[in-house]
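So you can see what is in the structure, the chains are spelled out below.
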Amino acid sequence: MNKKINLNLKGYSIKKNGILFVFILLCILLSIITPGFLSWANILNILRQSSIIGIMAIGTTFVIIGAGFDISVGSLLALTAAMCVGLQQHMHWGFAILLVLIVGALVGMLNGFLAAKIHIPAIIATLGTMTIVRGLVYLYTGGYPLYVDSQSFAFIGKGYLGPIPFPVIILIIMVIFWQFILVRTRFGRYTCALGGNKEAVRLSGVKVDFYHILTFVVGGLMASMAGVVYASRLLSVTPLAGQGYELDAIASTVIGGTSVSGGEGSVVRTLIGVLLLTIIANVFNLLGIHIYVQYVIKGAIILTAVGFDTYSKFRE
Amino acid sequence: MRVRKLNKSFPGVKALDDIDLEIYRDEVHALVGENGAGKSTLIKLLVGAYQRDSGEIYFSNQKVEFDSPAQAFQSGISVIYQENSLIPQLTVIQNIFLGMESFTSLGLINEDKIYQGYLDISKKLGFELPPYEEVRNLGVAEQKLVEILKALIHKAKFIIMDEPTASLSENEIEHLFRIISELKSNHVSVLYITHILGEVFRIADRITVLRDGKKIKTVFTKDVNRDEVITMMVGESLKDAYISEPAGIKKGQQPVLKVENLYRKPRINGVSFEAFPGEVLGITGLTGAGKTELARLIFGADKLQGGLILINNKSVRIRSPLDAVKNGISLIPEDRKKDALILILELYKNITLPTLIQFSSKGVLLNRKEFDITQYFIKKLDIKTSGVNQVMKYLSGGNQQKAAISKWLQTEPKVLIMDEPTQGIDVKAKVEIHTIVRNLAKSGVCVIFVSSEVSEVVKVSDRILVLSHGRISGEFKHGVRQEEIMRIILKEDE
């Protein structure tokens, strides 16, 4: 008979929290090699660098836990950033932000509808919307960068509350908020459940499609929030904005231990994944390692992280 | 083929007990028995899909140890299952010669040689198929013939056929029987597994009856009649261990559930019945009779194409499981792993899923309340688990089933439909579940107990309905003998 390896020690699964150990180990290592690594300045710096992808990855986490996939978030960031900047010619940035958040949610809803109701495999559906949205970005910007000049708006991306950069505050608040939703609310429970076995949840009398679509709405919403922060940091948006961001967001999510088959994951662990990637990128830059090599390494990390998860599930 | 003292157990279940069996050359040998008698297990052992615990298997007078079905296949043993093993988008010829293709000296497939081989074999058996037609475009009967040809090309000396006439028309069955006779004259032995006794008497030379994993008897077909075979399949009528006290049925009560003329093509063709609070209503019949489809239909898992469902004499629209749950109907599906449980989630999360609203306040979940109800059911149904937090996939089959039952019990249903609730569960847990069912009925719930195991249905039910071809073909009260039910079930062939 097969032996079931129960990797549960006092309630903590080694498999799931393995990434946490790796992260802590890495931090300890780096603080030994590079004095000043664990200084406040550096920590805040890393957090600030991680904030845009981090916010986006929160949404990606929800989608992947629901057994879905969303590669349109990068384009969505560009669209919402562009619109956020462009709309400020006609309205106060407060309304612009509100509007683009709604746009993000709507695009998310479209993704969810295509995946859940039309049954287009999520990766293909979001491939389609990614292309459409990127096209809309070009149409909206006319192919040129957009600029805005508002100090109050710039506070979002460049301001500080005390020593802490404002984007970091947004990131931390969002992580806490959405982790709470995931673990302690019905929506979060349904998300995990339907990611684990959608049919069983349907046969339990739950409106699965509604909740399934809702995960994509969260994905779109977070992508647009990331777009707002992006626009505020740079005070300009080019049509190429956000290209490749979806890769980093999804990579962070799976490295953070969210299973691609759905049903389990954690926003906090995704944050660890984001920080890990940021730190590795920083270290590589400091060591003068060419950016091309970083791509190779990043890809290898993704394959290792996901492969470890899928293969151990296969063995079970 | 000869087997001697073959034994096979699964956790908690002895599937085959000291089986001795001989199948001669040039013989058509029928294997009959109720669901759960051990027929499938025996087949899987013969072809190497399972490994035996003890005993010996001899094929062509040589002792054999097959590690895999591929090995058995190479040695000349072929199985034709109910679900075909053909590749739909390949042609007839490609399927038949899969793995046995002839190659030219250049390494290309020798189409001419293959075609010749195909002509030879189909002439031998006396029929023709369109050789270059894609298999998916053929009818079920023709696909079965392709499988037979495939077996022959792979030099099968022994072909096992599992319910070969399911989905075949009368004409096609005739044709199949002729081919089986041809096989016999070509020195191929056939082991023929079926529920349809009429066929057995038409085609088989000898019959072996299995019951509860034991071989009862092997007889020459000409020496027995139908009733004798049924008696062997069913055994003595067992004393009712359970129905010593009446369930919660009170006289003169209204039916809690009434269905009229339910239709859903192709499986359900006009089902009507009533079910009363406090009774255990058993529904039984052969595989394919429509039992699971009926259960799913009443629960809203599939769309109803026609008919009415009434709860407490009021007509209700059940268009989704949500509607069913709102109306007090719960279903424990046949495939608990696929349809009822979320294996990567913890026990308590599974149990509270259908009524999660009750376990939350203003959207926030009340874990304490979830733990409490889970503990309640762990105790009540004696679920063996390391705690409310144990991940579902680590529980054993019987305990998973108890968890599935708990999940629906806590919705406090008026009608609880259970589809094959004791499938794949050890004997002890089976008895526990039967007791749970009786107690449920005593407390006023209407339990609809769907099972293809007639002995189980007879033990547990107050009333029994027999389903055939999507219609109710018989109704019995408790105390009926198994044989009477089997007779109605097997009436297909008359």
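Criteria and cut-off values
- Residues numbered from 1 in each chain as written.
- Chains lettered and ligands numbered in written order.
- Predicted model: local features only at pLDDT ≥ 70, side-chain atom pairs only at ≥ 80, totals over all residues.
- Helix = DSSP H or I, 4+ residues; strand = E, 2+ residues; numbered from the N terminus.
- Rg over C-alpha atoms; globule rule 2.2 N^0.38 Å.
- Buried ≥ 20, exposed ≤ 12 C-beta atoms within 10 Å, placed from the backbone.
- Contact = placed C-beta atoms within 7 Å.
- Expected span 1.5 Å × (residues − 1).
- Nonpolar A, V, L, I, M, F, W, Y, C, P; charged D, E, K, R; others polar.
- Pairing = 2+ DSSP bridges.
- pLDDT = per-residue confidence, 0-100.
- Axes fitted to C-alpha atoms, helices over the stretch in contact; angles between N-to-C directions.
- Parallel < 35°, antiparallel > 145°, perpendicular 65-115°, else oblique.
- Left-handed = near helix turned anticlockwise from the far one by under 90°.
- Domains from an automatic or database assignment.
- Core = buried A, V, L, I, M, F, W, Y, C linked by C-beta atoms within 7 Å.

> Honestly, the overall build of chain B in this entry has me stumped. Any pointers?
Within chain B, the secondary structure is distributed over 17 helices and 22 strands. Relative to a compact globule of 494 residues, whose C-alpha radius of gyration would be 23 Å, chain B shows 25 Å and is just as compact. C-alpha extents for chain B along the principal axes are approximately 75 × 55 × 45 Å. Buried residues in chain B amount to 43% of all 494 residues. Within chain B, contacts between residues at least 6 apart in sequence are counted, and of these 69% link residues at least 24 apart.

> What should I look at first to understand the overall build of chain A in this one?
The helix and strand tally for chain A stands at 13 helices and 6 strands. For chain A, the C-alpha radius of gyration of 20 Å lies close to 20 Å, the compact-globule estimate for 316 residues. Scored against the burial criterion, the 316 residues of chain A give a buried share of 49%. Of all intrachain contacts in chain A linking residues separated by at least 6 positions in sequence, the fraction that spans at least 24 positions is 80%.

> Any chance you could explain helix α3 (residues 73-87) of chain A here in plain terms?
The α-helix winds at 3.6 residues per turn, so residues separated by three or four positions along the chain end up facing the same way. The end-to-end C-alpha distance of α3(A), which contains 15 residues, comes to 20 Å, matching closely the 21 Å that a straight helix rising 1.5 Å per residue would cover. Most of α3(A) sits out of view: 13 of its 15 residues are buried.

> Just checking my understanding: could you explain the interface of chain A and chain B for this structure?
Accessible area lost upon the coming together of the parts is a frequently used measure of interface size. Across the contact, 21 residues belong to chain A and 24 residues belong to chain B. Of all the secondary-structure elements, those providing two or more residues to the side of chain A that touches chain B are α8 (186-196) and α9 (198-202) of chain A. Here the element with the most residues in the side of chain A that touches chain B is α8(A); it accounts for 5 residues. Partitioned by chemical class, the residues of the side of chain A that touches chain B number 5 nonpolar, 8 polar and 8 charged.

> What is the right way to look at the pairing of strand β10 (residues 214-220) of chain B in this model?
Residues and elements named next belong to chain B. Taken together, the 6 bridges between strand β9 (residues 206-211) and β10 define a ladder with antiparallel strand orientation. Across the sheet, Leu210 pairs through a bridge with Lys215, a residue of β10. In sequence, β9 turns back onto β10 through a hairpin of 2 residues, with Asp212 there showing a positive phi of about 50°.

> For this particular structure, what's the right way to read the confidence of the model for chain B?
Low pLDDT means the predicted coordinates in that region are not meant to be read closely. When the pLDDT values of chain B are averaged, the result is 85; 95% of them are 70 or greater. Predicted complex metrics record ipTM = 0.85 and pTM = 0.78.

> Help me understand the sheet that holds strand β22 (residues 471-477) of chain B, please; the structure alone is not making it clear to me.
Two modes of strand pairing occur in sheets, parallel and antiparallel, and in both the strands are linked by backbone hydrogen bonds. Residues and elements named next belong to chain B. Reading across from one edge, β16-β19-β20-β13-β21-β22 is the order of the 6 strands in this open sheet, with mixed pairing throughout. Of all the strands in the sheet, just β16 (329-332) and β22 have a single pairing partner and so form its edges. Averaged over all pairs of adjacent strands, the angle between strand axes in this sheet comes to 20°, irrespective of strand direction. Looking at chain direction, strand β13 (residues 280-284) and strand β21 (residues 463-468) are connected through 4 bridges and run parallel. Looking at the pairing, Thr284 lines up with Val466 of β21.

> Looking at this structure, how should I read the sheet that holds strand β12 (residues 268-275) of chain B?
All names here are of chain B. Across the sheet, which stays open at both edges, the 4 strands sit in the order β12-β11-β14-β15 with antiparallel pairing between neighbours. Whereas interior strands pair on both sides, the edge strands pair on one side only; in this sheet they are β12 and β15 (314-316). The mean inter-strand angle of the sheet, taken between neighbouring strand axes irrespective of direction, is 25°. Bridge count for strand β14 (residues 306-311) against β15 is 3 bridges, and the pairing is antiparallel. Following the sheet pairing, Ile311 is matched in β15 by Lys314.

> In this structure, what is going on with the packing of α3(A) against helix α11 (residues 245-255) of chain A? I would like to understand it.
Packed helices, taken two at a time, are described by the angle their axes make and the gap between the axes. Residues and elements named next belong to chain A. In the contact formed by α3 and α11, the axes pass within 7 Å of each other and the chain directions differ by 125°. The angle between α3 and α11 places the two elements in the oblique class. Across the interface between the two elements, Val73, Gly74 and Leu77 of α3 pack against Tyr245, Glu246 and Ala249 of α11. For the contact of α3 with α11, the per-class residue count stands at 4 nonpolar, 1 polar and 1 charged.

> Mind showing me how you'd approach the environment of B:Gly285 here?
Residues and elements named next belong to chain B. Relative to the assigned elements, Gly285 resides in the loop between β13 and α9 (291-299). In this structure Gly285 comes out as buried when scored by C-beta crowding, with 27 C-beta atoms within 10 Å. Measuring from C-alpha to C-alpha, the distance between Gly285 and Leu46 comes to 28 Å, with 239 residues separating the pair along the chain.

> I would appreciate a short explanation of unusual backbone geometry in the present structure.
Leaving glycine aside, a negative phi is the common case for residues, and trans is the common case for peptide bonds. Residues and elements named next belong to chain B. In this model, Lys265 is joined to Pro266 through a cis peptide bond whose omega is -5°. One can find Pro266 in the loop between β11 (257-264) and β12. The residue Asp18 is not glycine, and still its phi comes out positive at about 50°. The class of Asp18 is partly exposed, set by 14 C-beta atoms lying within 10 Å.

> For this particular structure, what's the right way to read the packing of α3(A) against helix α4 (residues 93-116) of chain A?
Residue and element names in this part refer to chain A. Where α3 contacts α4, the two axes come as close as 9 Å, and the packing angle between them is 155°. By the angle between their axes, α3 is roughly antiparallel relative to α4. Here the hand of the crossing between α3 and α4 comes out right-handed. Only Ala96, Ile97, Leu99, Val100, Val103, Gly104 and Val107 of α4 make contact with α3, whose side of the interface consists of Leu76, Thr80, Met83, Cys84 and Leu87. Class assignment for the residues of the contact of α3 with α4 results in 10 nonpolar, 2 polar and no charged.

> Would you explain the pairing of β12(B) in this entry?
The side chains of a regular strand alternate, residue by residue, between the two faces of the sheet. Note that β11(B) and β12(B) share 6 bridges and pair antiparallel. From the neighbouring strand, B:Leu262 faces β12(B), where its bridge partner is B:Val271.

> It is not clear to me how the domain arrangement of chain B should be interpreted in this structure. Could you clarify?
The assigned domain composition of chain B is domain 1 (2-234) and domain 2 (257-493). With centres defined by C-alpha atoms, the gap from domain 1 of chain B to domain 2 of chain B works out at 35 Å.

> Can you walk me through the nonpolar core in this structure?
Soluble globular proteins tend to pack their nonpolar side chains together in the buried interior. In this structure, A:Ile55, A:Met56, A:Leu77, B:Ile417 and B:Val447 are the most contacted members of the largest nonpolar core, which totals 225 residues. Here this core takes 16 residues from helix α10 (residues 208-234) of chain A, the largest share from any one element. The residue makeup of this core includes at least three contributed by each of domain 1 (2-234) and domain 2 (257-493) of chain B. Sequence-distant contacts of B:Ile417, that is, excluding residues within four places in its chain, are made with B:Ala295, B:Ile298, B:Phe299, B:Ile329, B:Ser330, B:Leu331, B:Ile448 and B:Val450.

> What is the right way to look at the confidence of the model for chain A in this model?
Residues at a pLDDT of 70 or more form 95% of chain A, whose mean pLDDT is 90. The low-confidence segment residues 1-12 of chain A (pLDDT under 50) makes 10 contacts with residues lying over four places distant or belonging to another chain.

> Is there a simple way to explain α10(A) in this structure?
All names here are of chain A. If you check α10, its first and last C-alpha atoms are 40 Å apart, about what 27 residues at 1.5 Å a residue would give, namely 39 Å. Judged by how many residues are buried, α10 sits mostly within the fold: 23 of 27 residues are covered. Note on α10: the residue one or two positions beyond its end, Leu235, has a positive phi of about 55°.

> Even after reading the chapter, I still don't get the environment of B:Ser169, so can you show me in this structure?
For B:Ser169, the location among the structural elements is in the loop between β7 (158-162) and α6 (170-185). For the pair B:Ser169 and B:Gln358, spaced 189 residues apart in sequence, the C-alpha separation works out to 52 Å.

> Looking at this model, I keep getting lost on the environment of A:Met109. Mind explaining?
All names here are of chain A. The residue Met109 is located in helix α4 in this model. The class of Met109 is partly exposed, set by 16 C-beta atoms lying within 10 Å. Sequence-wise, Met109 and Leu20 are 89 residues apart; in three dimensions their C-alpha atoms are separated by 33 Å. With residues up to four places along the chain from it excluded, the contact list for Met109 reads Ile213, Phe216 and Val217.

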